[in-house]
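# Coordinate analysis (summary)
What follows is each chain in one-letter form.
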Amino acid sequence: MAGKALRRRILADISKQGGADYLFDQLASGKTLTKLAAEYECSREYFSKSIHAIPEYASAVSKARQAAADALVEQGLEMVDALGGDSSTSEIAATREKVQWRKFMAGSYNQERYGNRPQTNLTISVSDMHLDALRKVNSDLDAIDKFDREREELAIDAECEDVTNE
């Protein structure tokens, strides 16, 4: 029963703050569901189920993830820009790992823009296409020749029958 009260409080509070637009703004700016759940003192999973129960909120979360990908990439750039010439090796290594994680998350949120899908390469050989076309033309001509020979044989057979019948 306490869970339903919490769910009602979460949904009422989100609605009061702007509903789907509020969720979109929060998530698109880089805030995570985990951080939002912590504000309501519940688990990420419970918070996620609560907001996904409302179709408008679920749609806002999905759209926000696409925009959040841009925010993650920008955060990575800011981290790299913050490094200076006096940065230690461990600071550089830690920043590299954080940037790699943000790249991974950006690719997960927006496959089209940041994904690392393998590229499909297509090789077309004009000479192979030309040879295939010639083979097709030759097979078509062979079929026509065969049809013509059969017609000629039928015509000769018909003429022979006419001559023998006279």
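In what follows, the structure referred to is the one given above.
Residues numbered from 1 in each chain as written. Predicted model: local features only at pLDDT ≥ 70, side-chain atom pairs only at ≥ 80, totals over all residues. Heavy atoms only, no water.

### Some remarks on the pattern of salt bridges
Taken as a whole, this structure holds five salt bridges when the rule is applied. One salt bridge connects arginine 135 with aspartate 132, and the closest N-O pair in it is separated by 2.9 Å. In this pair, arginine 135 and aspartate 132 both sit in helix α8 (residues 126–165), three residues apart, roughly one turn of the helix. Judged by relative accessible area, arginine 135 falls into the exposed class, the value being 52%. Residue classification places aspartate 132 among the partly exposed residues on the basis of a relative accessible area of 46%. Linking aspartate 148 and arginine 151 is a salt bridge whose minimum nitrogen-to-oxygen distance equals 3.6 Å. Here arginine 151 and aspartate 148 lie together in helix α8, a separation of three residues that amounts to about one turn. A residue is classified by how much of its surface remains accessible, and aspartate 148, at 28% relative accessible area, is partly exposed. (Salt bridge = Lys/Arg side-chain N within 4 Å of Asp/Glu carboxyl O. Helix = DSSP H or I, 4+ residues; strand = E, 2+ residues; numbered from the N terminus. Buried < 20%, exposed > 50% of the residue type's maximum accessible area, 1.4 Å probe, protein only.)

### Some thoughts on the layout of surface pockets
Of the volumes computed, that of the largest pocket is approximately 340 Å³. Considering the residues around the largest pocket, the lining is formed by 17 residues, among which Gly30, Thr32, Leu72, Met105 and Tyr109 are closest to the centre. Every element with two or more residues in the lining of the largest pocket is listed here: α3 (33–39), α5 (55–82) and α6 (89–109). Tallying contributions element by element places α5 first for the lining of the largest pocket, with five residues. Residues of the lining of the largest pocket, tallied by class, amount to eight nonpolar, four polar and five charged. (1 Å grid on protein atoms, 1.4 Å probe; cavity = no way out; pocket = protein on both sides within 12 Å on 5 of 7 lines; lining within 4 Å. Points joined across faces, edges and corners; volume = space filled by probe spheres on them. Nonpolar A, V, L, I, M, F, W, Y, C, P; charged D, E, K, R; others polar.)

Such coordinate-based values are descriptive only and should not be taken to indicate function.
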